[in-house]
Every structure is written in structure tokens, then in C-alpha cells.
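Spelled out from the first residue to the last, the chains are:
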Amino acid sequence: MTEIQKPDSGLLWFRPMPVRFFVDEKNKRRFHLQSATGHEAITTIPRCNSLPHRPTTIGNRWEACIHPEGRLYFRYQNFLTNAYLYDDDTLVDNMNLAVELIEQRLVRERQLHTDVPRNIEIVIHIIADEEQDSKDKLLCYYICDLDKREVLWLTEQEVEYLVDVEGHPVYDHEHLQYAYAMSFWIHIQMFPHERPSPPADQVLGELQKDLRYLAFDGEISKASTAHFRVMDVDYHQARKFVNEIQHEGNDFLSSHDMAIVAKLKGLLAYHHFHNYHQTKWVRLSAKSGVHEDLETMTQRSTTFKLLSWFFFATPAAYIKLLDEVWVDNAVNYRAWQQFISELQDDWVSSITPSTVLLTTNVGFLAIKSIDEGGDSAGQVLSYLSTFLTIGNIVACAILTRQLQPALDLGVDSAATYLEQRASGRLRVELLATILSVPTVMFVWSLIAFSAALLSVCVNRTSIPTTVLSALTVVLVIGLLVLVWSNRGRPPSGPPAPTPLPSKRSWISRFLHSLLWRPSLAAEKSTSTVDLKPNV
């Protein structure tokens, strides 16, 4: 910081600040009606509506501009501020002083350096120094280069002034250009008045090409990075908004259209930055990370592997889907919507069989021979099945309520949900385990009830009934193992060839022909063509 001059009291210091600081100040600056001291409410309408209007220019300098969202900002030549200058003459004087001092500073900088641009806009904001009992003020600023579409400062700053996204180190200047672009378009969106730069035809052409390609790529490939949506509307809807924009022959865009264009351009710049465009680390698939390879990403802890067996491999299936949904702290929104919708449908549909099983357990316990048998194995197992069934219903209700906002409120809510619960390998393993709880409770309740029935059949029936029941149980278990073996595995290469006949017994050949099947995933890979080239 540099001391520049005394305003009304204390010192005024130059303070370079990132663009996001001005956005935060704009959003948190709120005036409430309860604090409207010095203002008189209008109680009568005068004759011919002769109410006085506010001046459109303050201090013969600052012109009031209306943002499409309704707030006011003020402009003097190429200086801009979000400060509310009405009703505060002292603030207006300080702003005028700040303009003069920055102009003097720019003159000195241009005398010493040749890299200070000419076609610029300067955003300023004056705040009180946070130090205790300090009367000093901070003149916060940043400069926007309209020709290069960049933001800059007159002194060296940390890269965090541009890159406020965690986990995205910058190694190339070409990659940093997208961070410059993000801040530039946030600036344009914050101050979207008519200006000749950047040219409307050029900007609209660039935007239409980007949106058209992302919409096409997202349609033909499930692995497209276009599914890392950075806005709640899809690219087809965004294209409709852009195609409806019309501009006059003076090559200017209206403030409303400029705000739309700037919002979309900033989001696309973030998309390019997040996926490391123009670098050797560029992300080409939504299923791959830029920080670590797939093998590192899919390594599981020993505890999770053991727990997954106890949970019938359900957490392993869910964590595989989560790895595709949450990549490098970004949401594959298409996969997320499909994953959550199917998950909630499964939970809701499981409530009906759970209710039936709960009723069956109650009826089973009400059987006179069971009730009078004391604490038999069948009775205890039926108790366990009942508790597990109740737990399944309650868990479904809780998880459905937790996930509904993340599905209804869009991309940001989904990202917030996953950031809180799936940041790091241990957290994502925990989330996959939690999502498996309803299914696991239901399956264990079925097993417990089946064991209760089997206990009754073995201990309280005749020998023929016991033998028949045992054979039926063996048959059911064998069929379930057969069904389980048909789950398939992800293909690691071309489908395995059919094995050549060998000199084995006819029983071995029969069992092999019965049980051996190519995986469903492999079959699908040979019959489905992805139009996106694998480069």
C-alpha cells in the first residue's frame, strides 16, 4: 500500500484488490428501511405529480447508471464505483480526490513504464481501515484493459488475486489467460453500460461458437466435459438467449444484453480454466482428473473393502458412480442428476416391500407356536428383521430429504453438497457407505427373516419337511450365486475370445457353457459407438 494524501481526516492509502472483493462489497451493501433516517416517506401525491426527481449527475461528475438487476452504480469518464453516492457529500468529495490521485499516479507510471494500457476502466471503492481506532481509509482499486480483456494492477500481486479456485495451480500463461478472462467478464457484468469495446459482433460470434460446440459435444458423448455444467441452464437454452440478442448498427449492446453476454462469457472462461485448455494437462473426458490418474483416484482403503463385502458390494458400486460425478471438485451435472434420481427412486420403491416385510414379521411373531416358544432362534431373528426393516424406512426418508435440495436447486447446490461430503478419499468412501445403508438394511432384514423361517422349518417340522426345505434353500442359494456371477466386469480391453475345447469331462464342459458369459459391459462396448473421437 502507498500513502497518497489526507482526505477529511486520517490517511488515504492505495490498496489493490481483486475483482471478487468488489463483487462481495456490492452484494453485502444493504440499506434497510428501518435505518432510513433523514428520509421522509411520501404520504400525499401532489398536483400533476410534481414530485422532485433526483439529479442524474452528482457533483457535476458522477453519472448514475441503472444495472438491469435494479441497483445503481456511478460512472465518471472511465472511473466506476458501486458506492452509493446520493446523500453523502463527504463520500463524493473523497471519490473526487481518489480520481485525481489515480490520474496523477497513472501519469507517473506511464512516464516510467511503457506497458500501462490506454483503453482502460478503473473501478474504485473507499472503505475504512480495519485497524482499531484508525481514522485511515483504503482506496481499493483495479484496472480493466478493454483491448486485451484483462484486469491488472500497478504493482505486483499474488496469483490468488485472479485464481480464487482451490486446487487449480497455474503453470502456463495461456492457462492464466482464462483467469484474466473470468475477472474481465465479471467486471463487464458488474458494469454493463454501453461501450464500444469489446465489439458486439466479435463477442456474439465467439459466444455462439462456444455454446454451439458444447451443446453438440454434450449430446453425442456422455464423457464430454460439457457435462461439467457451470450454470443451471443447459447450453441449448443458453444458445436461445444469445440468438435472441439484437444490436443496433452502432456496434453497441444494450446494458441488458451486455449483462447476459458477460455472464455467459465468464462462465465459459471458468469452464476453459477448470479443464486446463491450451495446456498439456487438458481434460478430454469428464471421467478423468487432471490432478491424478485413474488408478490413484480409485484406490480404496482396506476398511472400505472389508465393509463393502459386508454391505454386499453396494458401496463399491456407489463409489464408482461418485467418482464419475465428482471429479476435481467439480460436478458432472448430467451424471449427478441421473445418479440422484435413480437413487431416490430406488429408496422410494423399497419402502413398499419394506412395509410388506414389516407386516410379515409382525404376523410371524403373532403365530401362537412361535409366541409360546420363548426366546427361540426364529423369534430373535424375526425381531432383528423387524428392526432392520424399520431402519430401512427411516433411512430412506432422511436421505431423500437431504438430497432433494441438491437436486432441485441446481449446480451450485450439488457442488456444495458434494464438497461437504466427498472432498477426499475417506469422505467419498463414507458417503458411498451412507448411501448404501437403506439397501443393506433391507437385504439383511430379508436374510434375517429367511433365517427365522428356516429355523422354524428345521426345529419344528417333520423330517420330510425339513429335507424339502433344506433342498429348496440350497437351490435358492445356488440360483442367487448364478445371478451374482452374471454382474460382469468393466472391460479392460477387447472381449475375451471363446475358449478352445479341451479334454475335460462332460460335466466340466457343461458347467463352463452354462456359467461362462461375456460381461454385459463388454457386449455393450462392441455394439455401441461413441461419436466422440478418442484422442
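Visitor: Would you explain the side chain of His-67 in this entry?
Guide: Mapped onto the secondary structure, His-67 falls in the loop between strand E4 (62–66) and strand E5 (72–76). On the basis of relative accessible area, His-67 is assigned to the buried category, the value being 7%.

Visitor: Is there a simple way to explain the pairing of strand E8 (residues 137–145) in this structure?
Guide: As a general feature of sheets, a regular strand has side chains that alternate between the two faces. Counting buried positions over the nine residues of E8 gives eight, a clear majority of the element. For strand E2 (residues 12–16) and E8, the ladder comprises five bridges, and the chain directions are parallel. Bridge pairing in E8 links Arg-15 to Cys-140. By the bridge criterion, nine bridges tie strand E7 (residues 120–128) to E8 in an arrangement that is antiparallel. Opposite Ile-122, over in E8, you have Ile-143 as the bridge partner.

Visitor: Would you mind going over helix H14 (residues 425–459) with me for this structure?
Guide: Every α-helix winds through 3.6 residues per turn, so residues three or four apart in the chain are directed the same way. Over its 35 residues, H14 runs 48 Å from end to end, which matches the ideal 51 Å to within 8%, given 1.5 Å per residue. Helix geometry: H14 is bent most strongly at Val-437, by close to 45 degrees, with proline Pro-438 lying one to four residues after it.

Visitor: What's the story with the pattern of salt bridges in this structure? I'm lost.
Guide: Any two side chains of opposite charge can pair, so long as their charged atoms come close to each other. Per the stated rule, a full pass over the model turns up eight salt bridges. Between Glu-25 and Lys-28 there is a salt bridge whose closest N-O contact spans 2.9 Å. Taken together, the residues Glu-25 and Lys-28, both in helix H1 (residues 19–28) and three residues apart, mark about one turn of the helix. For Lys-28, a relative accessible area of 58% puts it in the exposed group. Between Arg-71 and Glu-69 there is a salt bridge whose closest N-O contact spans 2.6 Å. The buried category is assigned to Arg-71, whose relative accessible area is 14%. A cluster of three or more residues bridged by salt bridges with shared partners is formed by Lys-26, Glu-69 and Arg-71.

Visitor: Hey, could you run me through unusual backbone geometry in this one?
Guide: In most cases, non-glycine residues show a negative phi, while peptide bonds are predominantly trans. With phi around 55 degrees, Gln-77 is a residue other than glycine that occupies positive phi space. The topology assignment puts Gln-77 in the loop between E5 and strand E6 (79–81). On the accessibility criterion, Gln-77 (56% relative accessible area) is exposed. Of note, Arg-149 is a non-glycine position whose phi angle comes to about 55 degrees, a positive value. Here Arg-149 is to be found in the loop between E8 and strand E9 (150–152). Given a relative accessible area of 17%, Arg-149 falls into the buried group.

Visitor: Please clarify how a positive patch on the surface should be interpreted in this entry.
Guide: A grouping of Lys-222, Lys-287, Lys-320 and Arg-334 is seen on the molecular surface, where their side chains present a positively charged patch. Mapped onto the fold, Lys-222 is located in the loop between helix H4 (200–220) and helix H5 (235–243). By relative accessible area, Lys-222 is classed as exposed at 59%.

Definitions and cut-offs
- Residues numbered from 1 in each chain as written.
- Predicted model: local features only at pLDDT ≥ 70, side-chain atom pairs only at ≥ 80, totals over all residues.
- Heavy atoms only, no water.
- Helix = DSSP H or I, 4+ residues; strand = E, 2+ residues; numbered from the N terminus.
- Buried < 20%, exposed > 50% of the residue type's maximum accessible area, 1.4 Å probe, protein only.
- Pairing = 2+ DSSP bridges.
- Expected span 1.5 Å × (residues − 1).
- Bend = angle between axes of the 7 residues up to and from the residue.
- Salt bridge = Lys/Arg side-chain N within 4 Å of Asp/Glu carboxyl O.
- Patch = residues over 30% accessible without salt bridge, like charges linked within 9 Å, V, L, I, M, F, W, Y side chains within 5 Å.
- Areas by Shrake-Rupley, 256 points an atom, 1.4 Å probe, with all protein chains shown as cover.
- Lys, Arg positive; Asp, Glu negative; His and termini not counted.
- Charge placed at Lys NZ, Arg CZ, Asp CG, Glu CD.

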